[in-house]
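Remarks on the overall topology
Each chain, written out:
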Amino acid sequence: QVQLVESGGGLVQAGGSLRLSCAASGSIVMINTMGWYRQAPGKQRELVASITSMQNTNYADSVKGRFTISRDNAKNTVYLQMNSLKPEDTAIYYCNADVLARGFRRMAYWGKGTQVTVSS
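Here's a quick rundown of the structure. All figures in this text were calculated on a predicted structure; none of them were measured in a lab.

A few points about the packing of aromatic side chains
All told, the structure shown has one aromatic pair when counted by the stated rule. Directly above the ring of Trp 110 sits Arg 45, whose terminal nitrogen or CZ lies 4.6 Å from the centroid.

Okay, here's the thing in structure tokens:
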């Protein structure tokens, strides 16, 4: 099986920065797209940013120019650098990865989430 473990969340003032990390482990053969999603209270989970194995990136309009997604394929890790944070960025951030694991079909895995709180 595959596990995704996020880290780096916390409390920050508006205008500040945080860096999230998500490490994938297990019987991994190949990881395709990795991404970050977020869910604020009372709202649906939404895509924040994604990155393919070829380093092609995609961002939600609300974070373009402020957030940067990157990945280290050798470490099976994806990062989200968040700058100029706003109170509306407050949410639980979830890591997602499209993984082919040994003995399993290709499927999407989720981390347990990390809380990001931005105070005004």
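Focus: the layout of surface pockets
If you add up the space inside the largest pocket, you get close to 180 Å³. Lining the largest pocket we find 13 residues, and of these Arg 38, Ala 40, Lys 43, Glu 46 and Glu 88 sit closest to its centre. Its residues placed into classes, the lining of the largest pocket shows two nonpolar, four polar and seven charged.

A word on the side chain of Asn 96
Here Asn 96 shows up in strand β9 (residues 91-101). At 3.4 Å, the side chain of Asn 96 and the backbone oxygen of Tyr 109 are in polar contact. Apart from the residues within four sequence positions on either side, Asn 96 is in contact with Leu 4, Thr 33, Met 34, Gly 35, Tyr 37, Ala 108, Tyr 109 and Trp 110.

Some details on the nonpolar core
Counting residues in hydrophobic clusters, the biggest one holds 33 residues, and the most contacted among them are Trp 36, Leu 80, Met 82 and Tyr 93. Elements supplying a minimum of two residues to this core: β1 (2-7), β3 (18-26), β4 (28-39), β5 (46-51), β7 (67-72), β8 (77-82), β9 and β11 (114-119). Among the elements that make up this core, the one with the highest residue count is β9 (six residues).

What to know about the pattern of salt bridges
Taken as a whole, this structure holds five salt bridges when the rule is applied. Here Arg 106 ties to Asp 98 by a salt bridge, and the two come within 2.6 Å at their closest N and O atoms. For Arg 106, a relative accessible area of 48% puts it in the partly exposed group. One continuous salt-bridge network, built from bridges that share partners, spans Arg 38, Glu 46, Arg 66 and Asp 89.

Digging into the sheet that holds β8
As summarised here, the arrangement of the four strands in space is β1-β3-β8-β7, forming an open sheet in which the pairing is antiparallel. Among the strands making up the open sheet, the edge pair consists of β1 and β7. Neighbour-to-neighbour, the strand axes of this sheet turn through a mean angle of 15°, independent of strand direction.

With respect to the state of the cysteines
One pass over the full model with this rule turns up one disulfide. There is a disulfide in this structure between Cys 22 and Cys 95, and the S-S distance comes to 2.1 Å. Between Cys 22 and Cys 95 the sulfur-sulfur dihedral comes to about -80°; the bridge is accordingly left-handed. On the criterion of sequence distance, the pair formed by Cys 22 in strand β3 and Cys 95 in strand β9 is long-range, its members being 73 residues apart. Each member of the pair Cys 22 and Cys 95 is classed as buried.

Basis of the calculations
- Residues numbered from 1 in each chain as written.
- Predicted model: local features only at pLDDT ≥ 70, side-chain atom pairs only at ≥ 80, totals over all residues.
- Heavy atoms only, no water.
- Phe/Tyr/Trp six-rings, centres within 6.5 Å; stacked < 30°, edge-to-face > 60°.
- Lys NZ or Arg CZ within 6 Å of the ring centre and 35° of its normal.
- 1 Å grid on protein atoms, 1.4 Å probe; cavity = no way out; pocket = protein on both sides within 12 Å on 5 of 7 lines; lining within 4 Å.
- Points joined across faces, edges and corners; volume = space filled by probe spheres on them.
- Nonpolar A, V, L, I, M, F, W, Y, C, P; charged D, E, K, R; others polar.
- Helix = DSSP H or I, 4+ residues; strand = E, 2+ residues; numbered from the N terminus.
- Polar contact = N/O pair within 3.5 Å; in protein donor to acceptor, adjacent residues only side chain to side chain.
- Contact = heavy atoms within 4.5 Å.
- Core = buried A, V, L, I, M, F, W, Y, C linked by side-chain atoms within 4.5 Å.
- Buried < 20%, exposed > 50% of the residue type's maximum accessible area, 1.4 Å probe, protein only.
- Salt bridge = Lys/Arg side-chain N within 4 Å of Asp/Glu carboxyl O.
- Pairing = 2+ DSSP bridges.
- Axes fitted to C-alpha atoms, helices over the stretch in contact; angles between N-to-C directions.
- Disulfide = S-S within 2.5 Å.

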